[in-house]
Amino acid sequence: MTISNNAKINERLNIILVTTLPPGTSFKKFWNEFIYLTTKDKKHALMNPQTKKVIYLKYDDIKFISEEHASVRLKDKWGIINSSGAEVLPCKYQEIGEFMVDFASIRLNNKYGFINEICEEVIPCIYDEIQWFFEDMAGVKLNNKWGFIDISGYLLIPCQYEAVMGFYNGIAGVKLDGKWGVINTFGKVIIPCKYESIFYLNELIAVRHNGKWGIIDLSGNIICEYLYDDIRIYSKNLIPVSLNNKWGAINLQGKIVIEYVYDNFEWCSEDYARVIMNGKYGFINNSGKEILPCIYENIGCFSDGLINVKQNNRWGFVESSGNQVIPCIYDDSSMFSGGIRDVKLNGKWGFIDISGKQIIPCIYDELKFQYSKKYACIDQDIHLVQHAE
């Protein structure tokens, strides 16, 4: 592709060409103000797109665990660098997890602990297993039993359970003698351990008893009898349930709102669910009204007002009304982002806009596109570009 063609494409995308990548490197992803690259000899590098300065790293592997930090491996030990490439935690750990709620897990001598957001080891590596912090409490396993610690590392609830779930709205699922129940943040049992399985439904709890699912409240009162083969997370006060191998939905009082007619049922958003009937996909809204009939071989989710659908082994795009905006002619596609989408036609990749107009012709074996706060990367021929003002 020529430079003049690049200019035309950049104008259509409302972006301007900034720079090309250094020879012998491949774009991997954006990280903070840097571009993460790899070299032909599998080395790792960070490039500043403003100064074009490249920092070649000495490490054997790199994983991005927050906006400001990356875990790095030297031989078989992991440490952490900051977004300037400076090492802020030495490479001495067997494992370092991603940051969540200001904490990241660490493993040393086959025991787990936590570091905080400034990479200080605040909870020592003494536990056999750990979970993430939820509501300032984390499940920890010691001597084959689970309990809970707070963010200071204090053991609030002794390690006495076979398994635990993270806290949610002040409650946590716990397993004792092979059965599940619920405790509060003080460790008090509020629902006895007598269920085969449980999961949270906001202010309610789905429970399985004698192989069937029902719903109880936090006092253990039965809201919905043990009738169902399966239950899933709800949206907009509707709970997908399976009965006799068919899916429908009930409200929080257990009343049937969507009849049991579907082979599968899953929420794509608060307002829309993807359903399957007789092996074909469709869409319904949260009142059960059919948005798209079950006539498609596969179906995606809404993005920029369109849904990607598959018919006759080809992908296209329709509106929520069912109006076909872009015909089903593509081998493959992804979700729209910023009004453009990558599509594959006759084994080659390109880009279209939401009207179906080709922005970049389908002539590439591989085409990468990724946004950051300031940059986008289109690889291979267009390289690094910046959003136009």
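The sections below set out a description of the structure shown in this document. (Residues numbered from 1 in each chain as written. Predicted model: local features only at pLDDT ≥ 70, side-chain atom pairs only at ≥ 80, totals over all residues. Heavy atoms only, no water.)

### Remarks on the pattern of salt bridges
Short version of the rule: Criterion for a salt bridge: a side-chain nitrogen of Lys or Arg within 4 Å of a carboxyl oxygen of Asp or Glu. Helix and strand definitions follow DSSP, with helices as H or I runs of at least four residues and strands as E runs of at least two, each counted in order from the N terminus. Note on classification: 1.4 Å probe, protein chains only; a residue is buried when its accessible area is under 20% of the maximum for its type, exposed when over 50%, partly exposed between these limits.
Scanning the model with the defined rule gives eight salt bridges in all. Linking Arg107 and Glu95 is a salt bridge whose minimum nitrogen-to-oxygen distance equals 3.0 Å. You can see Arg107 sitting in strand β11 (residues 104-108) and its partner Glu95 sitting in strand β10 (residues 95-96), a full twelve residues away along the chain. For Glu95, a relative accessible area of 33% corresponds to the partly exposed category. In this structure, Glu129 and Lys141 form a salt bridge, with 3.2 Å as the shortest nitrogen-oxygen distance.

### Brief notes about the sheet that holds strand β20 (residues 179-184)
Convention followed: If DSSP finds at least two bridges between two strands, the strands pair.
Strand order in the open sheet made by the four strands is β18-β19-β20-β21, with antiparallel pairing throughout. The two strands at the open ends of the sheet, each matched to only one other strand, are β18 (163-164) and β21 (189-195). Relative to β20, strand β19 (residues 171-176) runs antiparallel, the two sharing six bridges. For Ile171, the partnering residue across the bridge sits in β20 and is Asn184.

### A short note on the pairing of strand β28 (residues 246-251)
In terms of residue burial, β28 counts as a mostly covered element, since five of its six residues are buried. Sheet topology places strand β27 (residues 238-243) next to β28; six bridges connect them, and they run antiparallel. The partner of Pro240 across the bridge, within β28, is Ala249. Between the end of β27 and the start of β28, which pair antiparallel, lie two residues, with Asn244 showing a positive phi angle near 55°. Bridging between β28 and strand β29 (residues 256-262) involves three bridges; their strand directions are antiparallel. Across the sheet, Ala249 pairs through a bridge with Ile258, a residue of β29.

### Description of a nonpolar patch on the surface
Selection rule: For patch detection, residues must exceed 30% relative accessible area and be free of salt bridges, and they are connected within 9 Å for like charges or within 5 Å for nonpolar side chains (Val, Leu, Ile, Met, Phe, Trp, Tyr). Computed with the Shrake-Rupley method and a 1.4 Å probe, the accessible areas treat only the protein chains shown as cover for residues.
Side chains of Met100, Val101 and Phe134 sit close together on the surface and give an oily, nonpolar patch of about 260 Å² of accessible area. Relative to the assigned elements, Val101 resides in the loop between β10 and β11. On the accessibility criterion, Val101 (55% relative accessible area) is exposed.

### So, the packing of aromatic side chains
Basically, it comes down to this: Ring pairs are drawn from Phe, Tyr and Trp, using the six-membered ring of Trp, whenever the two centres fall within 6.5 Å, and their geometry is named by plane angle: stacked under 30 degrees, edge-to-face over 60, tilted for the rest. Either the NZ atom of lysine or the CZ atom of arginine qualifies as a charge over a ring when it sits within 6 Å of the ring centre and within 35 degrees of the ring normal.
A full pass over the atoms with the stated rule returns 15 aromatic pairs. Arranged with centres 6.4 Å apart and planes meeting at 55°, the rings of Tyr195 and Tyr226 form a pair that is tilted. Of this pair, Tyr195 sits in strand β21 while Tyr226 is found in strand β25 (residues 222-228), placing the two residues 31 residues apart along the sequence. Residue class for Tyr195 comes out buried when judged on its relative accessible area of 3%. Given a relative accessible area of 22%, Tyr226 falls into the partly exposed group. Through pairs of rings, three or more aromatic residues link up here, namely Trp31, Tyr36 and Phe64. The ring of Trp247 carries Arg232 above its face, with NZ or CZ at 4.1 Å from the centroid.

### Some points on the nonpolar core
The following threshold applies: Here, nonpolar core refers to any group of buried Ala, Val, Leu, Ile, Met, Phe, Trp, Tyr and Cys residues whose side-chain atoms link them within 4.5 Å. Contact criterion: two residues are considered in contact whenever any of their non-hydrogen atoms come within 4.5 Å of each other.
Membership of the largest hydrophobic core comes to 22 residues, with the highest contact counts inside it found for Phe148, Ile157, Tyr161, Phe167, Ile183, Ile198 and Ile205. For this core, the secondary structure elements donating two or more residues are β16 (145-150), β17 (155-161), β18, β19, β20, β21, β22 (197-201) and β23 (204-209). In this structure, Ile198 is in contact with Met165, Gly173, Trp180, Gly181, Val182, Ile205, Ala206, Val207 and Trp213, ignoring residues within four places of it in sequence. Core analysis: the second largest hydrophobic core is formed by 14 residues, Leu201, Ala206, Trp213 and Ile231 among them.

### Let's talk about unusual backbone geometry
In this structure, Asp136 is a non-glycine residue whose phi angle is positive, near 65°. Mapping Asp136 onto the fold places it in the loop between β14 (129-134) and β15 (137-142). Its identity as a non-glycine residue notwithstanding, Asn245 has a phi of 65°, on the positive side. For Asn245, the position within the fold is in the loop between β27 and β28.

### Some remarks on the sheet that holds strand β2 (residues 25-31)
We apply this condition: Fitting a line to C-alpha atoms yields each axis, with helices limited to the stretch in contact; the angle taken between N-to-C directions then spans 0 to 180 degrees.
The antiparallel open sheet is built from four strands, whose spatial order is β2-β3-β4-β5. Both outer strands of the open sheet, β2 and β5 (54-56), are each paired with one neighbouring strand and no more. Across the sheet, the mean angle separating the axes of adjacent strands is 25° when strand polarity is ignored. Where strand β3 (residues 34-39) lies against strand β4 (residues 44-47), four bridges are found, and the strand directions are antiparallel. The residue bridging Thr38 from the neighbouring strand is His44, located in β4.

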